[in-house]
Amino acid sequence: MIDLRSDTVTTPSEEMRASMADADVGDDVYGEDPTLNELEARAAERLGMDAAMFVPSGTMGNQIAARVHTERGQEAVVDVQSHVYKWELAGFAQHAELQVRTFDGPRGVPSPEQVEAALVDEDLHRPGTGLLCLENTHNSRGGLAIPPSELGDAAAVAHDAGVPVHLDGARLFNAAVALDEPASAFAEHVDSVMFCLSKGLGAPVGSMLVGSEDFIAEARRVRKLFGGGMRQAGVLGAAGLYALENVDRLATDHEHAQLLAAGLDDVSGITIEQPETNIVVADVTGTGMTEDEFAAACTDAGVQCSGFGGGRVRLCTHLDVTREDVDDAIDVVADVVD
C-alpha cells in the first residue's frame, strides 16, 4: 500500500528509534529532562526567538497560543480555510472563549487592507480583537508556501493596533525549503510560532511552540492546564532532535510532489492544482466519480489518498514515499480512472 493520505503517516526510522532508546531523560514538569531542554533550545535558536516548549500536538500548541495571547471574549482573526478554524473542534471558542472573525484571502494570508477591516476596537458594545492567526504552509489551500514579506505586511497592521500575531507553522519548514528562506525569516514577523516535528520531519509525536521568554513561561502553565505536562518525555524529544536533521530532505518530498502532479495531470478526467510544497490537490470530478468513490477505488488498488472537499482529493508526499512509489501511484490512478 502506498499511503499518500498525509505526511502524518510516517514511521520512525531505525536510527530515530535508536536515538529514542538512548535518550537521557528526567521529569519535564520539573524542567529536568535534558533531552527536551536541548530540543527546546535548538528550536528557539532555529526560529531566532527566545524560548520554546514541546507539546504533544500542533493543535495543542495553537490552542495554548490563543489562550496565552488573549482575554476571554475577544475576537481572533483567522482565514476561513485555516486549520484552527476548520479542524480544531472550535478550540478557540472552547479553550480561550474567543469569537472568531474570518477573512478569505486568495492565498490564505490577508492583505493589509483585510487586516485593518477585520480589526475591532474594544468599546461598550464590541469585544476588541485579541489575535491575528496566520498559517504557513497553508494546508487547506494545497500546501501554499507564503513568503515572509506577505506575513510581515499582514502582521505589521495587527501590531500597529496592538494585536499579537500567532503563526500556525505546522509545515513551516516546508515553506522555508520551498522559498529558500531560513525559518527565522518567517518568525521575525510574529509573536509566536507552532511547528510540527511530525509530518514531513518524521517524528512520531510532537510539536514546538516558540516565542518570548514571558510567553513560553505562561504557555507552560496553560500546557499543564490542558493536560500536556509530561514526565520522562525525552524519549520523544530525542525523536524531535533527530527530526530537525530532516529539514533539508524536504526538498525531495517537494520534487516528488511535482512529479506526482505532472503524472496525474496526464490522466483523463483529473485536473491538478500545481503544488508548491508536498501537497498535491487533484480535482477528480471529470472522472465521473465523487471524491469518496475515487479515494475508495484507489485504496482498493493500493494507493491511499484523502477526500478534500469540492470533488477534490489530497495526496501528500513524505519521507516514506520513494520515487518508485510516485511512479507506481501514477500508474495505479491511471488504471482506476481508465
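For the structure itself, consult the block above.
What comes next is a walk through the structure.

Attention now goes to the nonpolar core. One finds Leu47, Phe173, Phe195 and Met208 to be the most contacted residues of the largest nonpolar core, which totals 51 residues. Look past the residues within four positions of Met208 in its chain and what remains in contact with it is Leu39, Glu40, Ala43, Ala52, Met53, Phe54, Val55, Val193, Met194, Phe195 and Leu197. In this structure, Leu260, Leu264, Val280 and Ala329 belong to the second largest nonpolar core, which totals 26 residues.

If charged atoms from side chains of opposite charge come close, those side chains can pair. Summed over the entire model, instances satisfying the criterion amount to 15 salt bridges. Here Arg5 ties to Asp3 by a salt bridge, and the two come within 2.6 Å at their closest N and O atoms. Look at the salt bridges and you will find they share partners, linking Glu38, Arg42 and Glu245 into a network.

Right, let's get into the pairing of strand S3 (residues 75-79). In terms of burial, S3 is largely enclosed, as 5 of its 5 residues are buried. Of the two faces of S3, the one carrying Glu75, Val77 and Asp79 and the one carrying Ala76 and Val78 are both buried. Direction of pairing for S3 relative to strand S4 (residues 99-103): parallel, over a ladder of 5 bridges. Each residue of the ladder has a partner; that of Asp79, found in S4, is Phe103. Pairing between S3 and strand S5 (residues 129-135): 3 bridges, direction parallel. Each bridged residue has a counterpart across the sheet, and for Ala76 the counterpart in S5 is Leu131.

One open sheet accounts for 4 strands, arranged S9-S10-S13-S12; its pairing is antiparallel. At either margin of the open sheet sits one strand with a lone partner, and together these are strand S9 (271-273) and strand S12 (306-309). The mean angle between the axes of side-by-side strands here comes to 35°, regardless of whether they run parallel or antiparallel. Note: S9 against strand S10 (residues 279-283), 3 bridges, orientation antiparallel. Following the sheet pairing, Glu273 is matched in S10 by Val281. Helix H12 (residues 250-265) rests against S9, S10 and strand S13 (312-316) of the sheet, and its axis sits at about 155° to S9.

What follows covers the packing of aromatic side chains. Per the stated rule, a full pass over the model turns up 1 aromatic pair. Both rings, one in Phe173 and one in Phe195, keep their centres 5.1 Å apart while their planes meet at 85°; by these two values the pair is edge-to-face. Here Phe173 is found in helix H8 (residues 172-179), whereas its partner Phe195 is found in strand S7 (residues 192-196), with 22 residues between them in sequence. Note on Phe173: relative accessible area 5%, which makes it buried. Since its relative accessible area comes to 0%, Phe195 is described here as buried.

Each value, and the rule that gives it
Residues numbered from 1 in each chain as written. Predicted model: local features only at pLDDT ≥ 70, side-chain atom pairs only at ≥ 80, totals over all residues. Heavy atoms only, no water. Core = buried A, V, L, I, M, F, W, Y, C linked by side-chain atoms within 4.5 Å. Buried < 20%, exposed > 50% of the residue type's maximum accessible area, 1.4 Å probe, protein only. Contact = heavy atoms within 4.5 Å. Salt bridge = Lys/Arg side-chain N within 4 Å of Asp/Glu carboxyl O. Helix = DSSP H or I, 4+ residues; strand = E, 2+ residues; numbered from the N terminus. Pairing = 2+ DSSP bridges. Axes fitted to C-alpha atoms, helices over the stretch in contact; angles between N-to-C directions. Phe/Tyr/Trp six-rings, centres within 6.5 Å; stacked < 30°, edge-to-face > 60°.

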